[in-house]
Amino acid sequence: MKRTKLTAIAAALLIAGTSVSCGSKKSSDTSSSEQETTAAVTAEPSEETTAEGTETSSAEVTTAPAETTAPQTTTAAETTAAATESAADAPKAADGYTDSIAIAQDFYKAYLDHDPEKVYSMFDTEEIKGYNALMKDELDGQDPEKVFSKSVIVDAIGQSMDSISEIMAAYSDSPGDTWSVPVTADDIEEPEKESLDEFNGDLKTKYTQAAVINYIFYRNSANEEAFTGNSSAYLMRDGKWYLSFSSLMQSELLNYIDL
């Protein structure tokens, strides 16, 4: 599979790629940026943001205790009965979030909860269509709506979550450890207008704003361990924020899709 246009998309949203750190578990090795967000970590779960745009009352995402056993991989058969289900069946454009921090909180909460369907519901149909159209000539004659069907994407998200779960298990002292992902405005960067314009030009979309999280920390409130987690990007259209399908594909999901 050719990667020329795929690389261009990644550059347009300034995604450096997956930034999961698998180093040795030493809390003293955390960066100053990690230490600055430590105060935001508590053992109490924050309210979950809904797909209709309800905002959370806290800048922190907390989940139930992490399991130290090997995570279960979500299979395509478990997520959908139709192997050829079209990616165009994604949520309608009327969905979305009213705040970029709120959708980022929900994204990382979905990772902590191992909920790939939740992540899929955050995508915008228009971007999926644009991505599929752009990739049509890159797939050696394969139909992008089948190659990147909902079942395939949900399965890839599940495998990505498995990888995060394995790292959390390595940094946990017991099954009762509680993990959280603090998300604040300081974690979000806004790409240059030229980059967003290039992105819109490639995908034939009309997003008016973008937000990128290149570095985020998963934190264990039981032992204060932390590791650098997966990057993410978000796009605004008609006043609503969506999780960027293209950037997640580039930084994470293509690693789990057989092309």
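Each remark here, short or long, concerns the structure printed above.
Residues numbered from 1 in each chain as written. Predicted model: local features only at pLDDT ≥ 70, side-chain atom pairs only at ≥ 80, totals over all residues. Heavy atoms only, no water.

(A) How the structure looks around the pairing of strand E4 (residues 217-220). Residue alternation in E4 divides its side chains into two sets, Phe217 and Arg219 and Tyr218 and Asn220, and both sets are buried. When strand E2 (residues 178-182) meets E4, the two strands line up antiparallel, connected through two bridges. For Ser180, the partnering residue across the bridge sits in E4 and is Arg219. In this structure, E4 lies alongside strand E5 (residues 226-228), joined through three bridges in antiparallel fashion. (Buried < 20%, exposed > 50% of the residue type's maximum accessible area, 1.4 Å probe, protein only. Helix = DSSP H or I, 4+ residues; strand = E, 2+ residues; numbered from the N terminus. Pairing = 2+ DSSP bridges.)

(B) Quick peek at the sheet that holds strand E6 (residues 232-237). Strand order in the open sheet formed by three strands is E3-E6-E7, and the pairing between neighbours is antiparallel. Both edges of this open sheet fall to strand E3 (209-213) and strand E7 (240-243), since each of them pairs with a single strand only. Put simply, the sheet's adjacent strands are angled 25 degrees from each other on average, direction ignored. Pairing of E6 with E7, which is carried by four bridges, proceeds in the antiparallel orientation. Paired with Tyr234 across the strands is Leu243, a residue of E7. Running at roughly 140 degrees to E6, helix H4 (residues 100-113) makes contact with E3, E6 and E7 of the sheet. (Axes fitted to C-alpha atoms, helices over the stretch in contact; angles between N-to-C directions. Contact = heavy atoms within 4.5 Å.)

(C) Quick peek at helix H6 (residues 125-135). Across the 11 residues that make up H6, a large majority, eight, are buried. Along H6, the residues that are buried comprise Thr125, Glu127, Ile128, Gly130, Tyr131, Asn132, Leu134 and Met135.

(D) How the structure looks around the pairing of E3. Counted residue by residue, E3 has four buried out of five residues, so it is predominantly covered. Here E3 pairs with E6 via five bridges, running antiparallel. Residue pairing for E6: Ala211 is matched across the bridge by Tyr234.

(E) Spatial organisation of the side chain of Asp187. Inspection of the secondary structure puts Asp187 in the loop between E2 and helix H9 (193-203). Salt bridges are absent for the buried Asp187, whose nearest opposite-charge side chain, Arg219, sits at 8.6 Å. Beyond its immediate stretch of four places on either side in the chain, Asp187 contacts Pro182, Val212, Ile213, Tyr215 and Ile216. (Lys, Arg positive; Asp, Glu negative; His and termini not counted. Salt bridge = Lys/Arg side-chain N within 4 Å of Asp/Glu carboxyl O.)

(F) Inspection of the packing of aromatic side chains at higher detail. The full count for this structure, using the stated rule, is 12 aromatic pairs. Ring plane angle 50 degrees and centroid distance 6.4 Å describe the contact between Phe199 and Tyr207, whose orientation is recorded as tilted. Here Phe199 matches Tyr207 in class, with each residue buried. For the pair Tyr218 and Phe227, a centre-to-centre distance of 5.1 Å together with 5 degrees between the ring planes defines the contact as stacked. Both residues of the pair, Tyr218 and Phe227, count as buried. Grouped by ring-pair contacts, the aromatic residues Phe107, Tyr108, Tyr111, Tyr171, Trp179, Tyr218, Phe227 and Tyr234 constitute a single cluster. (Phe/Tyr/Trp six-rings, centres within 6.5 Å; stacked < 30°, edge-to-face > 60°.)

Shape is all these values report; function is a separate question.
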